[in-house]
Amino acid sequence: MTPAQIEAFFATLQAANPQPQTELEYTSVFELLAAVLLSAQATDVGVNKATRMLFPVANTPQKILALGLDGLESYIRTIGLYRSKARHLMQTCRLLVDQHGGDVPGSREALEALPGVGRKTANVVLNVAFGQPTMAVDTHLFRVGNRTGLALGKTPLAVELALLKRVPEKYLVDAHHWLILHGRYVCQARKPMCGPCAVSFCCNFRHKTVSS
């Protein structure tokens with residue numbers, strides 16, 4: 001995609017959704033961190049169903065620790081890989097209490113030092129909670145970046161770095177949300193809905209579908 005195409009792409013997405021938000025439900029930075037940690041290889045819908053039961057009971061690192069591993073597992077067992085996620089979340093809560101006074105740190109290095117928190121999770125927290133212009137490249141961003149020609153790359157990191165370089169600064173903070181939502185609901189993996197797509201006119205996908 002050319003710079004002009006990229007500008008048109010994001011201007012169109014912004015006009016349609018001026019203030020995009022994550023679909024994960026949370027009311028604090030810790031709840032966000034926990035929800036994102038639980039969302040790996042799971043849907044936001046599935047995570048929200050579990051956290052609607054969990055967070056009213058335990059929504060701080062101290063309260064999660066008080067639940068104990070078995071107690072935590074009982075709330076999140078409907079989420080894929082719940083045993084390993086519960087273990088990681090417990091370990092993360094312990095580190096937050098012992099090393100950060102129970103608060104979620106605002107630096108990439110500190111976030112990625114938490115069990116179960118990789119680069120993608122750290123990017124989500126830095127973007128959503130702290131307003132940093134990061135790109136959390138999940139399967140949606142990876143697909144949209146490569147399919148449209150916006151940001152080509154063979155790895156998530158390559159796509160992330162390409163996005164940070166190519167997305168105009170004025171769109172950077174919200175770009176991650178627009179791209180996730182676009183990939184989730186329009187530029188889908190098996191059958192992209194090119195017909196009703198508002199940005200198909202500035203997309204370089206060679207095999208556009210005629211109808212939705």
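Before any of the text, the structure's been laid out above.
Residues numbered from 1 in each chain as written. Predicted model: local features only at pLDDT ≥ 70, side-chain atom pairs only at ≥ 80, totals over all residues. Heavy atoms only, no water.

A.B. asks: Got a sec to walk through a nonpolar patch on the surface? Specific residues and values, please.
C.D. replies: Taken together, Leu 157, Leu 161 and Leu 164 make up a surface patch of nonpolar side chains, about 240 Å² in accessible area. Of note, Leu 164 is situated in helix H9 (residues 156-166). (Patch = residues over 30% accessible without salt bridge, like charges linked within 9 Å, V, L, I, M, F, W, Y side chains within 5 Å. Areas by Shrake-Rupley, 256 points an atom, 1.4 Å probe, with all protein chains shown as cover. Salt bridge = Lys/Arg side-chain N within 4 Å of Asp/Glu carboxyl O. Helix = DSSP H or I, 4+ residues; strand = E, 2+ residues; numbered from the N terminus.)

A.B. asks: Which residues make up the packing of helix H2 (residues 29-38) against helix H7 (residues 119-128), and what are the values?
C.D. replies: Across the interface, H2 lies against H7 with an axial gap of 10 Å and an inter-helix angle of 150°. Between H2 and H7, the angle is such that the two are roughly antiparallel. Two packed elements cross with a definite hand, and for H2 against H7 that hand is right-handed. For the pair H2 and H7, the contacting residues are Leu 32, Leu 33, Val 36 and Leu 37 in the first and Thr 121, Val 124, Val 125 and Val 128 in the second. Counted by class, the contact of H2 with H7 contains 7 nonpolar, 1 polar and no charged residues. (Axes fitted to C-alpha atoms, helices over the stretch in contact; angles between N-to-C directions. Parallel < 35°, antiparallel > 145°, perpendicular 65-115°, else oblique. Left-handed = near helix turned anticlockwise from the far one by under 90°. Contact = heavy atoms within 4.5 Å. Nonpolar A, V, L, I, M, F, W, Y, C, P; charged D, E, K, R; others polar.)

A.B. asks: So what's going on with the packing of aromatic side chains? Which residues, and what values?
C.D. replies: Scanning the entire structure with this criterion turns up 4 aromatic pairs. With 5.1 Å between their ring centres and 75° between their planes, Phe 9 and Phe 10 make a pair best called edge-to-face. On the basis of relative accessible area, Phe 9 is assigned to the buried category, the value being 0%. The exposure class of Phe 10 is buried, given its relative accessible area of 0%. Summarising the aromatic geometry, the rings of Phe 10 and Tyr 171 are spaced 5.8 Å apart at their centres and angled 20° between planes, so their arrangement reads as stacked. Taken as a pair, Phe 10 in helix H1 (residues 3-16) and Tyr 171 in the loop between H9 and helix H10 (172-185) lie far apart in primary sequence, 161 residues in all. Grouped by ring-pair contacts, the aromatic residues Phe 9, Phe 10, Tyr 171 and Trp 178 constitute a single cluster. A cation over an aromatic ring shows up here: Arg 147 above the ring of Phe 205, its NZ or CZ 5.1 Å from the ring centre. (Phe/Tyr/Trp six-rings, centres within 6.5 Å; stacked < 30°, edge-to-face > 60°. Buried < 20%, exposed > 50% of the residue type's maximum accessible area, 1.4 Å probe, protein only. Lys NZ or Arg CZ within 6 Å of the ring centre and 35° of its normal.)

A.B. asks: Describe helix H5 (residues 82-100), naming the residues involved and giving the relevant values.
C.D. replies: An ideal rise of 1.5 Å per residue puts 27 Å on 19 residues; H5 measures up with 25 Å between its terminal C-alpha atoms. Within H5, burial applies to Tyr 82, Lys 85, Ala 86, Leu 89, Met 90, Thr 92, Cys 93 and Leu 96. For H5, the buried positions fall inside an angular range of 165° around the axis, keeping them on one side. Residues of H5 that are exposed and angled more than 90 degrees away from the buried face: Arg 83 and Gln 99. Backbone geometry just downstream of H5 places Gly 101 in the positive-phi region, at approximately 65°. (Expected span 1.5 Å × (residues − 1). Arc of directions from axis to C-beta.)

A.B. asks: Which residues make up the nonpolar core, and what values go with them?
C.D. replies: Phe 30, Ile 64, Leu 72, Ile 76, Leu 89 and Leu 111 are the most contacted members of the largest nonpolar core, which totals 35 residues. Secondary-structure elements contributing two or more residues to this core are H2, helix H3 (44-54), helix H4 (61-76), H5 and H7. For this core, the leading source of residues is H2, giving 8 residues. Dropping the residues within four chain positions of it, Ile 76 is found in contact with Leu 38, Ala 50, Leu 54, Tyr 82 and Ala 86. Among the nonpolar cores identified, the runner-up in size contains 25 residues, and Phe 10, Val 159, Ala 175 and Cys 202 belong to it. (Core = buried A, V, L, I, M, F, W, Y, C linked by side-chain atoms within 4.5 Å.)

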